[in-house]
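Residue strings, one per chain:
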Amino acid sequence: MTKAVEFLFDFGSPTSYLAYKQLPKIVARHGARIVWTPILLGAVFKATGNSSPVMVPLKARYMNADLARFAKRYGVVLNFNTHFPVNTLPLMRGAIAYQTTNQFDIYVNAMFDAMWAHPRNLNDQAEIAHVLNDIGIEPDDFLARIDRPDVKEKLKANTEGAVARGVFGAPTFFVDGDMFFGQDRLDFVEEKLLP
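Right, let's walk through the structure included here. Everything numeric here is computed off the predicted structure, so don't read it as measured data.

Comments concerning the pairing of strand β4 (residues 178–181)
Then, number 1: In this sheet, β4 lies alongside strand β3 (residues 172–175) in antiparallel orientation, the contact comprising 4 bridges. The partner of F174 across the bridge, within β4, is M179.
Then, number 2: Between the end of β3 and the start of β4, which pair antiparallel, lie 2 residues, with D176 showing a positive phi angle near 50°.

Section: unusual backbone geometry
Then, number 1: Between F84 and P85 the backbone carries a cis peptide bond, its omega angle lying at 0°.
Then, number 2: Locating P85 in the fold gives a position in the loop between α3 (57–74) and α4 (89–98).
Then, number 3: In this chain, A170 is followed by P171 through a cis amide linkage whose omega measures 5°.
Then, number 4: Relative to the helices and strands, P171 resides in the loop between α8 (149–164) and β3.
Then, number 5: Residues other than glycine seldom take positive phi values, yet D176 does so here, at roughly 50°.
Then, number 6: Mapped onto the fold, D176 is located in the loop between β3 and β4.

Quick word on the side chain of N81
Then, number 1: Here N81 lies in the loop between α3 and α4.
Then, number 2: Residue N81 is classed as buried on the basis of its relative accessible area, which comes to 0%.
Then, number 3: Within polar-contact distance, the side chain of N81 engages the backbone oxygen of M115 at 3.1 Å.
Then, number 4: Not counting residues within four places of it along the chain, the set of residues in contact with N81 comprises A114, M115, W116, P119 and R120.

Considering the environment of G42
Then, number 1: With respect to the element layout, G42 can be found in helix α2 (residues 41–48).
Then, number 2: Residue G42 is classed as partly exposed on the basis of its relative accessible area of 46%.

A short note on α4
Then, number 1: The element α4 is extensively covered by neighbouring structure, given that 8 of its 10 residues are classed as buried.
Then, number 2: What α4 keeps buried is the set L91, M92, R93, G94, A95, I96, A97 and Y98.
Then, number 3: On its buried face, α4 is in contact with β1 (4–9), β2 (33–38), α5 (104–117), α6 (125–134), α7 (139–146) and α8.

Thoughts on the nonpolar core
Then, number 1: Ranked by internal contacts, the top residues of the largest apolar core, which has 53 residues, are F11 and Y107.
Then, number 2: With 10 residues, the single largest contributor to this core is α5.
Then, number 3: Non-local contacts of F11, meaning those with residues more than four positions away in its chain, are made with T88, L91, M92, A95, Y107, V108, M111, F112, M115 and W116.
Then, number 4: Formed by 9 residues, the second largest nonpolar core is a distinct cluster that contains F45, A162, V167 and F174.

Description of the sheet that holds β3
Then, number 1: Read across the sheet, 4 strands follow the order β2-β1-β3-β4 without closing on themselves; strand pairing throughout is mixed. Either end of the sheet is taken by a strand with one partner, and the two such strands are β2 and β4. Direction aside, neighbouring strands of the sheet carry axes that sit 25° apart on average.
Then, number 2: Strands β1, β2 and β3 of the sheet are contacted by helix α1 (residues 14–29), whose axis makes an angle of about 170° with β1.

Some details on the pairing of β2
Then, number 1: Sheet topology places β1 next to β2; 6 bridges connect them, and they run parallel. Residue F9 lies in a different strand from β2, and its bridge partner there is P38.
Then, number 2: What joins β1 to β2 is α1, and the crossover it makes is right-handed.

Remarks on the packing of aromatic side chains
Then, number 1: This model, assessed by the stated rule, comprises 19 aromatic pairs.
Then, number 2: For the ring pair F9 and W36, a centre distance of 5.9 Å and an interplane angle of 85° mean the geometry is edge-to-face. Separated by 27 residues along the polypeptide, F9 in strand β1 and W36 in strand β2 bring together distant segments of the chain.
Then, number 3: For W36, a relative accessible area of 18% gives the class buried.
Then, number 4: Their ring planes at 50° and their centres at 4.6 Å tell us that F168 and F181 sit as a pair that is tilted. On the criterion of sequence distance, the pair formed by F168 in the loop between α8 and β3 and F181 in strand β4 is long-range, its members being 13 residues apart.
Then, number 5: Relative accessible area serves as the criterion here: at 33%, F168 is assigned to the partly exposed category.
Then, number 6: On the basis of relative accessibility, which here comes to 34%, the residue F181 falls in the partly exposed class.
Then, number 7: Through a chain of ring-to-ring contacts, the aromatic side chains of F7, F9, F11, Y17, Y20, W36, Y98, F104, Y107, F112, F142 and F173 assemble into a single cluster.
Then, number 8: The ring of F174 is capped by R165, whose NZ or CZ atom sits 4.2 Å from the centre of that ring.

Cut-offs and rules
- Residues numbered from 1 in each chain as written.
- Predicted model: local features only at pLDDT ≥ 70, side-chain atom pairs only at ≥ 80, totals over all residues.
- Heavy atoms only, no water.
- Pairing = 2+ DSSP bridges.
- Helix = DSSP H or I, 4+ residues; strand = E, 2+ residues; numbered from the N terminus.
- Buried < 20%, exposed > 50% of the residue type's maximum accessible area, 1.4 Å probe, protein only.
- Polar contact = N/O pair within 3.5 Å; in protein donor to acceptor, adjacent residues only side chain to side chain.
- Contact = heavy atoms within 4.5 Å.
- Core = buried A, V, L, I, M, F, W, Y, C linked by side-chain atoms within 4.5 Å.
- Axes fitted to C-alpha atoms, helices over the stretch in contact; angles between N-to-C directions.
- Right-handed = clockwise from strand over helix to strand, strands pointing away.
- Phe/Tyr/Trp six-rings, centres within 6.5 Å; stacked < 30°, edge-to-face > 60°.
- Lys NZ or Arg CZ within 6 Å of the ring centre and 35° of its normal.

Read these as spatial facts, not as claims about activity.
Here's what the structure looks like:
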């Protein structure tokens, strides 16, 4: 039976971005698969009493240096988004809306890229529309999809379900019922995929 890594993520998390850039390589090495679980990180923070590390100045300074170290190690472009924080609610609803389509992979890549590789102001609907147009998704289709009740409910259910399982931030991974938090725990995720 193929092992699975459940990946709980939010585009607003730079560590989710770094994990996203590494996880496909890890699962490929082990013949595993990724189970994508979009969540709303702000709602997780609110439910758990957690907050973004950038809210603590000393922690933010350290984390920014650490993110740069990991980006260099991974050979990944990482540029802090000057429009941060970004309200990712429409973006994460988009991940839900396109998850069962053949546009999901390109959508996820484009949103992570627009947030952390070539930062754009994703608080601005016009900027989101530019990103969508670049990947062949009609902005009107996007707006219609993210307004569907089933899409809204699925993101809410994913987020509440994550909190119920002990999730307090992103990225979080589950492998065989074990939880791992943070892109700096990918080595443990990979160990869990060993036979």
